[in-house]
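Next come the chains, spelled out residue by residue.
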Amino acid sequence: MDSAAGSMKSRLTPYVFACWILAAFGGLMFGYDIGISGGVTGMDDFLQKFFPHILERKKHANENNYCRYDDQLLQLFTSSLYIAALVASFFASGACTAFGRKPTILTAAVFFVCGAALCGFGQALWMLIIGRILFGFGVGFGNEAVPLFLSEIAPVHQRGAVNILFQLFVTIGILIANLINFVTAKIHPNGWRISLGLAAVPGTILLIGSLIITETPPSLVQRNKMDQGKSALKKIRGVENVDFEFRQIVESCEQARQVKDPFRKLFRKSGVPPLIISNVIQIFQQLTGINAIMFYAPVLFQTLGFHSDASLLSSVITGLVNVGSTFVSIFTVDKIGRRLLLLEACIQMLISQVAIGAILHVHLKDTGSLNKGWALIVVVLVCSFVMSFAWSWGPMGWLIPSEIFPVETKTAGFAFAVSTNMIFTFLIAQAFLSMMCHLKANIFFFFSAWIVIMGLFVLFLLPETKDVPTNEIEERIWKPHPLWRKFF
Ligand code: BGC
């Protein structure tokens, strides 16, 4: 631990723990949506009500393994939310700066609850679409505010672990959604309503939570609420003497206050390195191919020849692996650092994807299915892929952008990162089934090629942010770096 981090004492109080968990429910909402829509769009009752022509086509679908689920409209149902989230993240950035993290999280929760109600009670397609858009607004506001909130209330030497609570709750949300779909798929004709409507439960917890949590000290100081900022810091650190850390916050906020237009500052020369890194990390996170698995695991496993129940069960297994492996990063990220986790994962993801691609290439033709032995090996390889993503690119995609910007451009810069994530999530959601239809097993080689590029990026361009306080980033991260120092 460095001396600055070492001189900032803190105690874990029940209140601060509650703040972490309640805010992390924003992540659970995001994960719930990722996990729920794939299952719902597979339910015949749902298709019958809103997309009868797709149900008709599905019944007479040609039996080509790789193409039977290729449908733009259906993919649009899954992906449309991310466009709404993309737009919302910029408003959320303004809200975060002007009003603080707490009211931004509250706004997200209101959107989630309204979206869940509209979808759950949806009678016509337009209600469903508006519900999805409201949900997307919730994701935009929540994904902007929650990772920032968590990074800002965590002591610097635990910042990684606390921030990863967001990702942990994303994975829990995905798993809960998979389990719920598993049950509601058997409830006719309104199982899909339960799946979509139940999002109101975590949404309400987030809503109540957003009234209980503290505002973050940097956000208060930035808005000139010095006394409140100091007492918030005392409350979350659980100690009386917070002078050293408070001075640091004031110092970086003073610099921030001089910047009238953070978006313009972001595009100045010195704003470029964090902007590139945070956006590239988000693009790469999606180009690992993770959401091909998260959105379409049941479909993918059916493509391998699994029956409906077995493929839903396999999705639950990958969901469990996703949650379990996230703990690995919680316990290691502040010890071994961000870079090592990312690099290890690149190797493990590469081996898994190449092996899956090779097995499918040789053994899965356009018709017929894999034999049991090979199918089992593919499930194990998918688990290995999900596992390595879960302790690396999953959490780091949110952690690094939340800690790499100086205070003055933090919310604006993070908004870009969130929206980049949304664009690429949208693209993968929209394109994966069509890509699988055209590229067949080669789709896995496509993602593998990206994994090689992202490994090189980490190796040569990504600095380590472990234990570096926000106000020391320029001196300790950018200036010593052979390439990035040219921007300062
Ligand atoms: C990503 C999501 C992904 C999830 C999987 C998140 O970090 O942003 O797109 O579905 O991890 O756990």
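The structure under discussion appears in the preceding block.
Let me sum up the structure you'll find in this document. Since this is a predicted model, take the numbers as computed values, not measurements.

About the cut-offs
Here the residue numbering is sequential within each chain, running from 1 through the sequence in written order. Totals for whole chains, interfaces and linings use all residues, but because this is a predicted model, local features are given only for residues with pLDDT of at least 70 and pairs of side-chain atoms are given and counted only at 80 or more. To obtain the side-chain values, all non-hydrogen atoms of the structure were used and water was disregarded. Working definition: helices are DSSP H or I runs of at least four residues, strands are E runs of at least two. Numbering for both runs from the N terminus. Only the C-alpha atoms count toward the radius of gyration. The rule for a globule is 2.2 Å times the residue count to the power 0.38. Here the term buried applies to any residue with accessible area under 20% of the maximum for its type, exposed to any over 50%, and partly exposed to those in between, with areas from a 1.4 Å probe on protein chains only. It only takes one pair of heavy atoms within 4.5 Å for two residues to be counted as in contact. Only protein atoms enter the 1 Å grid used here, on which a cavity is any set of points holding a 1.4 Å probe that cannot leave and a pocket is any open set flanked by protein within 12 Å on both sides along at least five of seven lines; residues with an atom within 4 Å of a point are listed as lining. Grid points are joined across faces, edges and corners, and a volume is the space filled by probe spheres set on the points. Residue polarity is assigned by list, with Asp, Glu, Lys and Arg as charged and Ala, Val, Leu, Ile, Met, Phe, Trp, Tyr, Cys and Pro as nonpolar; anything else, Gly included, falls into the polar class. Here a residue is considered near a molecule or strand provided that any single heavy atom belonging to it is located within 4 Å of it. Polar contacts, as used here, are pairs of N or O atoms within 3.5 Å; protein pairs need one atom able to donate a hydrogen and one able to accept it. Residues neighboring in sequence count only if both atoms are side-chain atoms. Every accessible area reported is derived by Shrake-Rupley at a probe size of 1.4 Å, with residue values counting cover from the shown protein chains alone. To qualify as sitting in a cavity or pocket, a molecule needs more than half of its atoms within 2 Å of the grid points. Aromatic pairs are defined between Phe, Tyr and Trp rings, using the six-membered ring for Trp, whenever the two ring centres lie within 6.5 Å; interplanar angles under 30 degrees are classed as stacked, those over 60 as edge-to-face, and all others as tilted. Sitting over a ring, as applied to charges here, requires NZ of Lys or CZ of Arg to be within 6 Å of the ring centre and within 35 degrees of the ring normal. Residues belong to one nonpolar core when they are buried, are Ala, Val, Leu, Ile, Met, Phe, Trp, Tyr or Cys, and are joined through side-chain atoms within 4.5 Å. How far a helix is expected to stretch is found by multiplying one less than its residue total by 1.5 Å. By definition, a residue's bend is the angle between the axes fitted to the seven residues ending there and the seven starting there.

**Considerations on the overall build of the chain**
Counting secondary structure elements, the chain contains 23 helices and zero strands. Computed over the C-alpha atoms, the radius of gyration of the chain is 22 Å, within 12% of the 23 Å expected from 2.2 N^0.38 for a compact globule of 488 residues. Summarising its shape, the C-alpha atoms of the chain cover approximately 70 × 50 × 40 Å along the three principal directions. Split into buried and exposed, the 488 residues of the chain put 60% on the buried side. Taking the intrachain contacts of the chain between residues at least 6 apart in sequence as the baseline, contacts between residues at least 24 apart amount to 82%.

**A closer look at the layout of surface pockets**
Taken as a whole, the largest pocket spans an internal volume of roughly 470 Å³. Lining the largest pocket are 25 residues, and of these G38, G39, G42, M43 and Q302 sit closest to its centre. Residue assignment for the lining of the largest pocket shows that the elements contributing at least two residues are α2 (14-41), α3 (44-50), α5 (72-99), α8 (159-184), α16 (290-303) and α17 (308-336). Sorting elements by how many residues they give to the lining of the largest pocket places α16 first, with five residues. Of the residues that constitute the lining of the largest pocket, the class distribution is 12 nonpolar, nine polar and four charged.

**Focus: the site of the ligand**
Close to the ligand lie 14 residues; Q167, Q285, Q286, N291 and N322 are nearest. The separation between an oxygen atom of the ligand and a polar side-chain atom of W398 is 3.0 Å. Taking 310 Å² as the accessible area of the ligand by itself, protein coverage stands at 100%. Assessed atom by atom at 2 Å from the grid points, the ligand resides in the second largest cavity. Residue assignment for the shell around the ligand shows that the elements contributing at least two residues are α2, α8, α15 (272-287), α16 and α20 (393-403). With three residues, the top contributor of residues to the shell around the ligand is α8. Of the residues contributing to the shell around the ligand, the split by class is six nonpolar, eight polar and no charged.

**Let's talk about the packing of aromatic side chains**
The tally for this structure, following the rule as stated, stands at 22 aromatic pairs. An aromatic cluster of at least three residues, connected via ring pairs, comprises F46, F50, F51 and W192. In this structure, K186 is placed above the aromatic ring of F182, and the distance from its NZ or CZ to the ring centre is 4.0 Å. The positively charged end of K235 is found above the aromatic ring belonging to Y15, 4.4 Å away from the centroid.

**Regarding the environment of F460**
Turning to its location among the elements, F460 is positioned in helix α22 (residues 442-461). Taking the C-alpha atoms as reference points, F460 and H481, 21 residues apart in sequence, are found 9.7 Å from one another.

**Side note on the nonpolar core**
The biggest cluster of nonpolar side chains holds 151 residues, and the ones touching the most others in it are F30, F46, L150, L360, W393, M422 and F432. No other element matches α2, which puts 14 residues into this core. With sequence-adjacent residues up to four places away left out, L150 is seen in contact with W20, A23, V162, N163, L165 and F166.

**A few points about α17**
Helix length check: α17 (29 residues) gives 41 Å between terminal C-alpha atoms against 42 Å at 1.5 Å per residue, within 8%. Remark: the principal bend of α17, roughly 25°, maps to I330. Immediately beyond the C-terminal end of α17, within one or two residues, lies G337, with a positive phi of roughly 95°.

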